[in-house]
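Chain and residue survey
This is what each chain is made of:
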Amino acid sequence: MASAIAAFLAPASGWAAAGSDAPPQTTPLAAPSSPNAAPPQGEDGGGAPQAGDVAEPGVQATSDAWAGSIEEAVATCDALASDPDDAARPDGLTGERDPDAVAFERAIPACLAAVSAHPDNPRYAFQLARAYRSAERFDEAVRSYDRAAQAGHAAAQYDFGQLYETGQGVEQDEARALALYQQSAEMGTPWALYAVGLYHRDGRGGLEPDAERGFALLQRAADAGNAEAQLEIGYMLQEGLGAPRDEARALELFRQSASAGDASALMWIGNFHEVGRGGLEADDAAALDYYRRAAKAGNAFAANMVGVFTADGRGGLEPDPAAAIPYFRQAAEADDVDGQVNLGWRLANGSGVEQDHAAALDLFRQAAEAGDADALMWVGNFHENGRGGLEADDAKALDFYRRAAEAGNAFAANMVGVFTADGRGGLTPDDGEAIAHFRKAAEAGDVDGQANLARFLANGRGVARDDAEALEWFRKAAEAGDLDSQNSYGFRLIYGTGTQPNPPKGIEWVRKAADGGYATAQRNLGKFYEEGLGVAQDYAQARQWYEKAAEQGDNGSLVNLGYLYSKGLGVEQDESRAVALYRQAAEAGEPVAQDNLARMYDDGRGVAKDRDEALQWYRKAAANGYASSQLELGWAHFNGEGVRQDDREAFDWFLKAAENGNTQAQTQLSILYSQGRGTAQDRAEGVRWLREAADSGDRYGQYGLGLAYLNGRGVEADAAEARGWLEKASEQGLLPAQMQLADLYVEGRGGPADPEAATRVYRAAAEAGDSEAQFQLAQRLRSGEGVASNAPEAAQWYERAAQAGHTGAAVRLAHMLQSGEGVDRNDQQGLFWLRQAAAKGDGEALSGLAELYREGLGVTHDPVVTAALYRLSAEAGYAPGQVQFAEFLMNGDGIPRNRAEAIKWYQRAAENGDAEARSRLAALGEDGAGAAATQ
């Protein structure tokens, strides 16, 4: 509520400082003690009484009550009922300006006698009318006013016009009032000129608004010394209404009016000193002096301002909330709404006075009845929170918030947005409508509205997500001092959300919020120091900021501190301390801490290893919706680790984690659906979860979805779609995806064949350590497929793959070493790599080794060993080895001759696609369909 409080405690400027919501009508800003006091407005007029309505018998009867001489009666009537502003009054009379203050008990009989003695002098009828008016005998007052007015008495015409304006003794009729004012004004009556000027300015009595005409008439009244006209002219000049704006001249007129003791003029001079207008320098001390004088003269708004200066310690004062209370009370009791609201706020909060919610509510209600927006907002707040003896009632709170918002209270507009978004007060949640209210509040400068609008724009709630506009509103709220917005604004600058990244500037804003005591910002600043983002990495600084936030009860910072102790970052490693910190946050309900504590028990770090205790904490975190722990429980039940193996239970936990956005759970869930484990088999549903993971950027989800499209499992086969998803996974370095994608590039599936792209993918996988990719890259470098041939580099990649256990690479490396292709010839190294591959049962290596023994190359010639190696090669499924072993059987070289068995091996080789085997079978008269007779 701070923004709303500040709004009504700030000094006002312009005519609104007088506490009104519209320019004055036919009264000055602060009505004098005269018949001009706040005349109500009406619509329909009544008929005027006619001449001759004065009851002569009544006059005679009353005059008979006068005991003195006629001269005494006239003198008494003049002394008690004459008007100092009556131009027809003889010099030397004092009289009474306020008709309501006429001593009517003595004045009525005296003036009746004076009227009887001087029936042709309308002044006495006028003074009798004033006496009747003071006695509230309005019917008789009307007859006397009418008699004097028709006789051309200017003061009577003015006063009679007032009765028509206010509806006293006659039916209210502004047009009739205007006509009487005009008659009086034509004879130069200042008050009448004043009234007609206001009617023209404001468009009343059937007139069109005409500020210039109004200004001219008011100027005449002001020139005649009418203080209220001087005040109005000053007001119009400061606003540029009816004449060019001229604050210096306005100030001069306010000073003229103030010299006549006008309290409102004193107030305005104080305002000019406060704000620094009309050629004045802003001067709180001078402003306070004028406000005090105006308050002493009865100006309620000035009293309120003295209270504001006293409470805030302005104008040379020391802040003194208690000393301000009498001034606020003076203003409030005089119906000044700002005074009522200020006093109400202090009673509500116990500032300078004993807290009294009921009294505060009464004051807020009084100001609210006058339409004050701040008061309406506060009444809404009391209904919302159940204060001042009220029951909490969202529907009533919403009604007052709406009325306050319509009256211009920005905080209330924000609250209507909050109620609308949350579906409170009988509303259905509606983010779209809430946005409109937040925008209204934000554009009016309400910090909460700006922050809420920024959040909704940032999250795409009720409106298309707009990070750039969200950033602007976060900036406005941050500059206004909102700590949460300072943190958010800085965070977005650091990561470049809605703008270009600017980590140093972002750090400044996060630090500002952190220095302001905002725990979330302190935790974030600690994280930035921990990661070296926007600042130099500094674990000691990180620890200090985490400790500050933790002291405020920030559980996330306890977790981060625990991590620093567990790793020994910026502190001496102490896993027991880490466990204690995790436990403190975990027991407070922080799910990350619960999950971390579970892992410490699982691993036996800083605490004795205890799978059962770990599972308990995993369950607590999982119950709090923490996806990582839900995933762990899924694996526990899937593998039967610490719990009985249960596919259905595993499925349920994987599903919960998947629904909370855990991509590992989503990919595992797809496998369960595909296999029908723990649930009914549903490949389409499995693909749906793969897509969830893939769309979230998970490379395993992208790979799985690519394979699903490639093989048409759970989705219609689509090689192009498969290729697209495999490319995404490959770009994230997933080796299986890279190998599969390279095959598609080689085969031209899902798009054109692309040897160069295949080679690039193989190289990326090779550099990541995949031996098959190293072998394939070497093959291409050796052959020049998709890349310039490069035998030396090929040999290097063959050797890396061979060292990783790839037998095909070992065989080819051996061939290159034995032939000197791209490397220095080295038969012994070649033999070494052939033996390495042969030892693993590689048919090609066995065949190559047999060839060496057959030829005696680097080894002793041995037909028996050669035949044995060819047999091993044949049995390993290597077609050339099968042909060579068949040859040995046919020739009886190192083994007994066996034509039938030889034919079987030729047939096996032929079935493996060996052309030489088919040729031999044909030469032997065999078709490869069956064995021939044994020789």
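Parameters and conventions
Residues numbered from 1 in each chain as written. Predicted model: local features only at pLDDT ≥ 70, side-chain atom pairs only at ≥ 80, totals over all residues. Heavy atoms only, no water. Helix = DSSP H or I, 4+ residues; strand = E, 2+ residues; numbered from the N terminus. Rg over C-alpha atoms; globule rule 2.2 N^0.38 Å. Buried < 20%, exposed > 50% of the residue type's maximum accessible area, 1.4 Å probe, protein only. Contact = heavy atoms within 4.5 Å. Lys, Arg positive; Asp, Glu negative; His and termini not counted. Charge placed at Lys NZ, Arg CZ, Asp CG, Glu CD. Phe/Tyr/Trp six-rings, centres within 6.5 Å; stacked < 30°, edge-to-face > 60°. Axes fitted to C-alpha atoms, helices over the stretch in contact; angles between N-to-C directions. Parallel < 35°, antiparallel > 145°, perpendicular 65-115°, else oblique. Left-handed = near helix turned anticlockwise from the far one by under 90°. Nonpolar A, V, L, I, M, F, W, Y, C, P; charged D, E, K, R; others polar. Expected span 1.5 Å × (residues − 1). pLDDT = per-residue confidence, 0-100. Salt bridge = Lys/Arg side-chain N within 4 Å of Asp/Glu carboxyl O. Core = buried A, V, L, I, M, F, W, Y, C linked by side-chain atoms within 4.5 Å. Polar contact = N/O pair within 3.5 Å; in protein donor to acceptor, adjacent residues only side chain to side chain.

Some points on the overall build of the protein chain
A tally of helices and strands in the protein chain yields 49 helices and zero strands. Taken over the C-alpha trace, the protein chain has a radius of gyration of 50 Å; the compact-globule value for 935 residues is 30 Å, which it surpasses by more than 25%. Reported as C-alpha extents along the three principal axes, the dimensions of the protein chain are approximately 175 × 55 × 55 Å. Considering the protein chain as a whole, with its 935 residues, one finds that 50% of them fall into the buried category. Considering only contacts in the protein chain between residues 6 or more positions apart, those separated by 24 or more positions represent 49%. Between the centroid of the 83 positive side chains of the protein chain and the centroid of its 141 negative side chains there is a distance of 8 Å.

Overview of the packing of aromatic side chains
Counted according to the given criterion, the structure contains 26 aromatic pairs. Taken together, a centroid distance of 5.8 Å and an interplanar angle of 80° make the contact between tyrosine 181 and tyrosine 199 edge-to-face. One end of the pair, tyrosine 181, is in helix α8 (residues 174–186); the other, tyrosine 199, is in helix α9 (residues 190–202), and 18 residues separate them in sequence. The same class applies to tyrosine 181 and to tyrosine 199, which are both buried. Here the aromatic rings of phenylalanine 254 and phenylalanine 272 are separated by 5.6 Å at their centres, their planes lie at 85°, and the arrangement is edge-to-face. With phenylalanine 254 in helix α12 (residues 247–259) and phenylalanine 272 in helix α13 (residues 263–275), the pair connects residues that are 18 residues apart, well separated along the chain.

Concerning the packing of helix α27 (residues 519–531) against helix α28 (residues 539–551)
With their axes 8 Å apart at the nearest point, α27 and α28 run at an angle of 165° to one another. Considered as vectors, α27 and α28 are oriented roughly antiparallel to each other. Of the two elements, α27 crosses α28, and the hand of that crossing is left-handed. Touching Ala519, Gln522, Arg523, Leu525, Gly526, Lys527, Tyr529 and Glu530 of α27 are Tyr539, Gln541, Ala542, Trp545, Tyr546, Lys548 and Ala549, all from α28. Of the residues belonging to the contact of α27 with α28, the class tally is eight nonpolar, three polar and four charged.

Quick notes on helix α25 (residues 483–495)
Over its 13 residues, α25 runs 19 Å from end to end, which matches the ideal 18 Å to within 8%, given 1.5 Å per residue. Extensive coverage of α25 is indicated by the burial of 10 of its 13 residues. Every buried residue of α25 is accounted for by Asp484, Ser485, Gln486, Asn487, Ser488, Tyr489, Gly490, Arg492, Leu493 and Ile494. Buried residues along α25 sit in contact with α23 (447–459), α24 (467–479), α26 (503–515) and α27.

Focus on the confidence of the model for the protein chain
Any region with low pLDDT has predicted coordinates that should not be read closely. Predicted confidence across the protein chain gives a mean pLDDT of 90, with 92% of residues reaching 70 or more. Here residues 1–64 scores under 50 on pLDDT; set against residues more than four positions off or in separate chains, the count is 154 contacts. A low-confidence stretch, residues 929–935 stays under pLDDT 50, and its non-local contacts, those more than four residues away or across chains, total 16 contacts.

Details of helix α43 (residues 807–819)
What sets the pattern is the α-helix's 3.6 residues per turn: residues three or four places apart point alike. Between its first and last C-alpha atoms α43 spans 18 Å; for 13 residues at 1.5 Å apiece the expected length is 18 Å, and the two agree. Along α43, 11 of the 13 residues are buried, which leaves the element largely enclosed by surrounding structure. Listed as buried for α43 are Thr807, Gly808, Ala809, Ala810, Val811, Arg812, Leu813, Ala814, Met816, Leu817 and Gln818. In this fold, the buried residues of α43 make contact with α41 (771–783), α42 (791–803), α44 (827–839) and α45 (843–855). One or two positions beyond α43, positive phi appears at glycine 820, with a value near 75°.

Some points on unusual backbone geometry
We note that glutamate 136 has phi near 60°; this positive angle belongs to a residue other than glycine. Unlike most non-glycine residues, aspartate 335 shows phi in positive territory, near 70°. With respect to the secondary-structure elements, aspartate 335 resides in the loop between α16 (321–333) and α17 (337–349). Classification of aspartate 335 as exposed rests on a relative accessible area of 56%.

Points about the pattern of salt bridges
In this structure the tally under the stated criterion is 44 salt bridges. One salt bridge in this structure joins glutamate 508 and lysine 505, with 3.7 Å as the shortest N-O distance. In this pair, glutamate 508 and lysine 505 are both assigned in helix α26, three residues apart and thus about one turn of the helix distant. Ionic pairing is found between aspartate 595 and arginine 599, a salt bridge with its closest N-O pair at 2.7 Å. In this pair, aspartate 595 and arginine 599 both sit in helix α31 (residues 591–603), four residues apart, roughly one turn of the helix. Ionic contacts of the salt-bridge type, sharing partners, join the residues Asp83, Asp85 and Arg97 into one network.

With respect to the environment of alanine 753
The topology assignment puts alanine 753 in the loop between α39 (735–747) and α40 (755–767). Between the C-alpha atom of alanine 753 and that of alanine 742, which follows or precedes it by 11 residues, the distance is 9.9 Å.

Regarding the nonpolar core
Counting 82 residues, the largest nonpolar core has Tyr145, Phe160 and Tyr291 as its most contacted members. In terms of residues, this core owes the most to one element, α9, which gives eight residues. In this structure, Val687, Ala795, Leu849 and Tyr906 belong to the second largest nonpolar core, which totals 76 residues.

Remarks on the environment of alanine 229
Tracing the backbone shows alanine 229 in helix α11 (residues 227–239). For alanine 229, a relative accessible area of 0% gives the class buried. Sequence separation between alanine 229 and leucine 253 is 24 residues, and the spatial gap between their C-alpha atoms is 9.1 Å. Alanine 229 has contacts with Tyr194, Leu218, Ala221 and Ala222, leaving out every residue within four places of it along the chain.

Here's the deal with the environment of glutamine 882
Structurally, glutamine 882 is set in helix α47 (residues 879–891). For glutamine 882, a relative accessible area of 2% gives the class buried. C-alpha of glutamine 882 to C-alpha of alanine 909: the two residues are 27 residues apart in sequence and 5.8 Å apart in space. Reaching out from glutamine 882, the side chain makes a polar contact with the backbone oxygen of alanine 874 at a distance of 3.2 Å. Engagement of the side chain of glutamine 882 in a polar contact is seen with the backbone nitrogen of alanine 909, the distance being 3.3 Å.

Here we look at the packing of α9 against helix α10 (residues 211–223)
It is at 7 Å that the axes of α9 and α10 come closest, and there the two elements cross at 165°. In terms of axis orientation, α9 runs roughly antiparallel to α10. Taken as a pair, α9 and α10 cross one another with a handedness that is left-handed. Contacts between α9 and α10 involve Pro190, Leu193, Tyr194, Val196, Gly197, Leu198, His200 and Arg201 from the former and Ala211, Arg213, Gly214, Leu217, Leu218, Arg220 and Ala221 from the latter. Across the contact of α9 with α10, the residue classes tally to nine nonpolar, three polar and three charged.

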